[in-house]
Amino acid sequence: MNELPQQLVNGLLLGSMYGLIAIGYTMVYGIVQLINFAHGEIFMTGAFGALTVYLYILPDGTSMWIALPLMLIGAMLVSVGVAVGAERFAYRPLRNAPRLAPLITAIGLSLALQQAVWAFYPHAKSKIPFPQIEGGPFHLGNATLQTGDIFLLVAAPISMAFLAYFVARTRTGRGMQATAQDPDTAKLMGINTDRIIVVAFALGALFAAVGAVANGLKYGQIDFKMGFILGLKAFTAAVLGGIGNIYGAMIGGIVLGVAETLATAYIADIPGLDQFGSQSWADVWAFILLILVLLFRPQGLLGERVADRA
C-alpha cells in the first residue's frame, strides 16, 4: 500500500495523456459522426514535428526551457496541418458517402502516415531519443515526479480549461455545438459548417500535439508506431467517457489510466492471477474495462454529448 500514491500518480499521468488524445476523437465524432482512426498518427506526427524543431531548426545546445515552447509550436503546426489536410482531401469528399467509406479511408490514412514517417524521416526505422527537461526528480509524499510529468500535469488542465471556455463562450464554439446538434439547421442559420468541421479537426490535433510532446518527455523516445496503440487507448477513453462528450473524453482517459496502472500493479498480488499482472497485460485490462462499460453502460460514463446540453 505504500506504493499506492505513486501508482495513482502514474495512472493520473497516463490518463491525462489518453484524455488529450481522446478529445480529438470525440470532437470529430460529435460533429460529423466519424471515427477518425488516423488520429493516433496525427498524434505521432506531432511528436516528430517537435523533434524536428529541436534537431534541425534550433542551434545545438539550446536549453530545453527555451526549446520546449518552440517544440510545442512545431508539434501543433505539424499535427494541425496533417489533420486539416486529411479533412480536406480524405474525408470531405466522402462526407455523403456510406459511413463505411470514411472509416476505411481513416484506416488507410493511418497506415499511410506511419509508412511515410518510416520511409522519409531520418532514423525513424528505430526508436529516436527525445530531448528531456533538465531538473528533477521531485518528491511529493510517497510519489515521485519527473520534470516531464510536471509538464503533463500542468498542460492537461490548461488545455481542458481552454477547450471548455472555447466551446461555451466563443461564437465558433457555439457554432460547433449547433452543428453537432443539427448540421442542416445550422446551415440555415448561417453557420459555415465546413469551417466548423475544420476547426474541430484542428482543435483535436492541437491537443494531440500537446499529448505527443508530453509523451516524448515522459518516455524519452518516440517512434513511427507510437500512435497506433495510444490511438486505440484514446478511442477507448472516448467511448468510456461517452463518445461525443468532450468532458467525458478527459474523464474517461483518467479512469482508464488509473484502472490500467492499478491493475498492472496489484493484479499479481491476487492468488492465482500472478501471471496477469505484468506490464504486457496492461492493454488487456484496458480493453476489459471497455467491454464492461459497453455491457453495463453503453452510452459511457457521462452519456450524452456536450452539444445536447447547449
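Residues numbered from 1 in each chain as written. Predicted model: local features only at pLDDT ≥ 70, side-chain atom pairs only at ≥ 80, totals over all residues. Heavy atoms only, no water.

A word on the overall build of the chain
(1) Moving on: Per the secondary structure count, the chain includes 11 helices and four strands.
(2) Moving on: Relative to a compact globule of 310 residues, whose C-alpha radius of gyration would be 19 Å, the chain shows 19 Å and is just as compact.
(3) Moving on: A principal-axis box enclosing the C-alpha atoms of the chain has dimensions of 60 × 55 × 35 Å.
(4) Moving on: Taken across its 310 residues, the chain has 50% of its residues classed as buried.
(5) Moving on: Averaging the coordinates of the 17 positive side-chain charges in the chain and doing the same for the 16 negative ones gives two points 12 Å apart. (Helix = DSSP H or I, 4+ residues; strand = E, 2+ residues; numbered from the N terminus. Rg over C-alpha atoms; globule rule 2.2 N^0.38 Å. Buried < 20%, exposed > 50% of the residue type's maximum accessible area, 1.4 Å probe, protein only. Lys, Arg positive; Asp, Glu negative; His and termini not counted. Charge placed at Lys NZ, Arg CZ, Asp CG, Glu CD.)

Observations concerning unusual backbone geometry
(1) Moving on: Unlike most non-glycine residues, Gln33 shows phi in positive territory, near 55°.
(2) Moving on: Looking at Gln33, the relative accessible area reads 33%, which means it is partly exposed.
(3) Moving on: The phi angle at His123 is positive, at roughly 65°, despite the residue not being glycine.
(4) Moving on: Mapped onto the secondary structure, His123 falls in the loop between α4 (100–120) and β1 (128–129).

Comments concerning the packing of aromatic side chains
(1) Moving on: The tally for this structure, following the rule as stated, stands at five aromatic pairs.
(2) Moving on: Each ring, one from Tyr25 and one from Phe235, has its centre 5.8 Å from the other, and the planes form 55°; the classification is tilted. Within this pair, whereas Tyr25 is found in helix α1 (residues 4–32), its partner Phe235 is found in helix α9 (residues 226–241), the two being separated by 210 residues in sequence. Residues Tyr25 and Phe235 agree in their burial class; the two are buried.
(3) Moving on: Between Phe48 and Tyr121, the ring centres sit 4.9 Å apart and the planes meet at 70°, which makes this aromatic pair edge-to-face. Of this pair, Phe48 sits in helix α2 (residues 39–57) while Tyr121 sits in the loop between α4 and β1, and the two are 73 residues apart along the sequence.
(4) Moving on: Owing to a relative accessible area of 3%, Phe48 belongs among the buried residues under this scheme.
(5) Moving on: Among the aromatic residues, those joined into a ring-pair cluster are Tyr25, Phe37 and Phe235.
(6) Moving on: Above the ring of Phe89, the side-chain terminus of Arg88 is found at 5.6 Å from the ring centroid. (Phe/Tyr/Trp six-rings, centres within 6.5 Å; stacked < 30°, edge-to-face > 60°. Lys NZ or Arg CZ within 6 Å of the ring centre and 35° of its normal.)

Comments concerning the environment of Leu292
(1) Moving on: On the secondary structure map, Leu292 appears in helix α11 (residues 282–296).
(2) Moving on: Judged by relative accessible area, Leu292 falls into the partly exposed class, the value being 40%.
(3) Moving on: As a C-alpha pair, Leu292 and Leu240 span 52 residues in sequence and 9.7 Å in three-dimensional space.

Describing the side chain of Glu260
(1) Moving on: Tracing the chain through its elements places Glu260 in helix α10 (residues 246–266).
(2) Moving on: Among residues more than four places away in sequence, those in contact with Glu260 are Leu14, Tyr18, Lys233, Ala282 and Ala286. (Contact = heavy atoms within 4.5 Å.)

Points about the pattern of salt bridges
(1) Moving on: Scanning all chains against the criterion turns up seven salt bridges.
(2) Moving on: Taking the shortest distance from any N to any O, the salt bridge between Arg95 and Asp194 comes out at 2.4 Å. Here Asp194 lies in helix α8 (residues 193–219) and Arg95 lies in the loop between α3 (64–91) and α4, a separation of 99 residues in the sequence.
(3) Moving on: On the basis of relative accessibility, which here comes to 32%, the residue Arg95 falls in the partly exposed class.
(4) Moving on: Where Asp223 meets Lys127, a salt bridge forms, and the shortest distance between an N and an O atom there is 3.3 Å. (Salt bridge = Lys/Arg side-chain N within 4 Å of Asp/Glu carboxyl O.)

Topic: a nonpolar patch on the surface
(1) Moving on: On the surface, a nonpolar cluster with roughly 590 Å² of combined accessible area is contributed by Val284, Ile288, Ile291, Leu292, Leu295 and Phe296.
(2) Moving on: Structurally, the position occupied by Val284 is in helix α11.
(3) Moving on: According to the relative accessible area criterion, Val284 is partly exposed, its value standing at 34%. (Patch = residues over 30% accessible without salt bridge, like charges linked within 9 Å, V, L, I, M, F, W, Y side chains within 5 Å. Areas by Shrake-Rupley, 256 points an atom, 1.4 Å probe, with all protein chains shown as cover.)

Structural notes on α1
(1) Moving on: Spanning 29 residues, α1 covers 41 Å between terminal C-alpha atoms, matching the ideal 42 Å at 1.5 Å per step.
(2) Moving on: For α1, the principal kink sits at Ala22 and spans about 30°.
(3) Moving on: With 23 of its 29 residues buried, α1 lies for the most part within the structure. (Expected span 1.5 Å × (residues − 1). Bend = angle between axes of the 7 residues up to and from the residue.)

What about the side chain of Ser16?
(1) Moving on: Its place among the elements puts Ser16 in helix α1.
(2) Moving on: Residue classification places Ser16 among the buried positions, given a relative accessible area of 5%.
(3) Moving on: Within the local environment of Ser16, its side chain forms a polar contact with the backbone oxygen of Leu12, the two atoms lying 2.8 Å apart.
(4) Moving on: Setting aside its immediate chain neighbours within four residues, Ser16 contacts Leu152, Ala156, Met250 and Ile254. (Polar contact = N/O pair within 3.5 Å; in protein donor to acceptor, adjacent residues only side chain to side chain.)

Structural notes on the packing of helix α5 (residues 147–169) against helix α6 (residues 171–181)
(1) Moving on: One way to put it is that α5 packs onto α6 with a least axis distance of 5 Å and a crossing angle of 75°. Relative to α6, the element α5 lies roughly perpendicular. Within the contact between the two elements, α5 uses Phe166, Val167, Ala168 and Arg169 and α6 uses Arg171, Thr172, Gly173, Arg174, Met176 and Gln177.
(2) Moving on: Split into classes, the residues belonging to the contact of α5 with α6 amount to four nonpolar, three polar and three charged. (Axes fitted to C-alpha atoms, helices over the stretch in contact; angles between N-to-C directions. Parallel < 35°, antiparallel > 145°, perpendicular 65-115°, else oblique. Nonpolar A, V, L, I, M, F, W, Y, C, P; charged D, E, K, R; others polar.)

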